[in-house]
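Residue-level structural notes
Take a look at the letters that make up each chain.
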Amino acid sequence: MSERQQITFEQLNERSNQLAAFLIKSGLEKDEVVPIIFDRSVEMFISILAILKSGCAYMPIDPHIPDGRKQKMIADASSKTLLVGEGYQIDSQAKCFEFGKFDLSGMAKSNIQIERFNSDPVYVLYTSGSTGNPKGIIAEHNSLINTIDWIIEKFGFNNEQRVLLFSDYNVDVAQEDI
């Protein structure tokens, strides 16, 4: 994932399954929007996958924007659960889980079976707010799948190739890379 952090696909799958099981046990319900506040890290990817495996949509938030804007976005999304990277805290009505501060050791590593539909939300991104108020844009699974299929066909990608994440994870073009 980076020079400092590495993880196998098996470890990524198992750890995201454990986190998904933890979130569901903690009360996360299907189709909730779960804001995430992380620097780019292995934990960020684990969290994104865990949220998706839980049947929910993730909402990436840049950790460096003002707290007031973060709070507005979280409240606007009616989020009940929030996942943050180590050292990040925010005043919110949502249950805040700081990565590394909860125990996943007893959680199952097996895949979670949750029924998903193409019309289910996959992620929520907020506009820059240049008109005054940022607005949440919901992307559905089918939109992301169609975009990824087009990229694969257009550029001839296959499962032997890798894609780098160049942009911040809270912008639209990054979602295909993730």
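The structure presented is a predicted model; accordingly, all values stated were derived computationally and were not measured. (Residues numbered from 1 in each chain as written. Predicted model: local features only at pLDDT ≥ 70, side-chain atom pairs only at ≥ 80, totals over all residues. Heavy atoms only, no water.)

1. As for the pairing of strand β3 (residues 81–84)
Regular strands place their side chains on alternate faces of the sheet. Alternating residues of β3 divide into Thr81 and Leu83 and Leu82 and Val84, and every residue in both groups is buried. Inspection of the sheet shows strand β1 (residues 33–37) paired to β3 by 2 bridges, in the parallel sense. Its bridge partner lying in β3, Ile37 is registered against Val84. Note: β3 against strand β4 (residues 95–98), 4 bridges, orientation parallel. From the neighbouring strand, Thr81 faces β4, where its bridge partner is Lys95. (Buried < 20%, exposed > 50% of the residue type's maximum accessible area, 1.4 Å probe, protein only. Helix = DSSP H or I, 4+ residues; strand = E, 2+ residues; numbered from the N terminus. Pairing = 2+ DSSP bridges.)

2. Looking at the nonpolar core
Formed by 31 residues in total, the largest nonpolar core has its most connected members in Leu19, Phe22, Leu23, Ile51, Leu83 and Phe102. When contributions to this core are tallied by element, the ones reaching two or more residues are α1 (9–25), β1, α2 (42–53) and β5 (121–126). In contact with Phe22, not counting residues within four places along its chain, are Phe97, Phe102, Asp103, Leu104 and Met107. Of all hydrophobic cores here, the second largest spans 15 residues; its members include Met59, Ile61, Ile74 and Tyr126. (Core = buried A, V, L, I, M, F, W, Y, C linked by side-chain atoms within 4.5 Å. Contact = heavy atoms within 4.5 Å.)

3. Some remarks on the pattern of salt bridges
The tally for this structure, following the rule as stated, stands at 4 salt bridges. Linking Arg116 and Asp120 is a salt bridge whose minimum nitrogen-to-oxygen distance equals 3.2 Å. Overall, the relative accessible area of 8% leaves Asp120 in the buried class. Because the salt bridges share partners, they merge into one network encompassing Lys30, Asp31, Arg116 and Asp120. (Salt bridge = Lys/Arg side-chain N within 4 Å of Asp/Glu carboxyl O.)

Remember that the coordinates give geometry; whether it matters functionally is a separate question.
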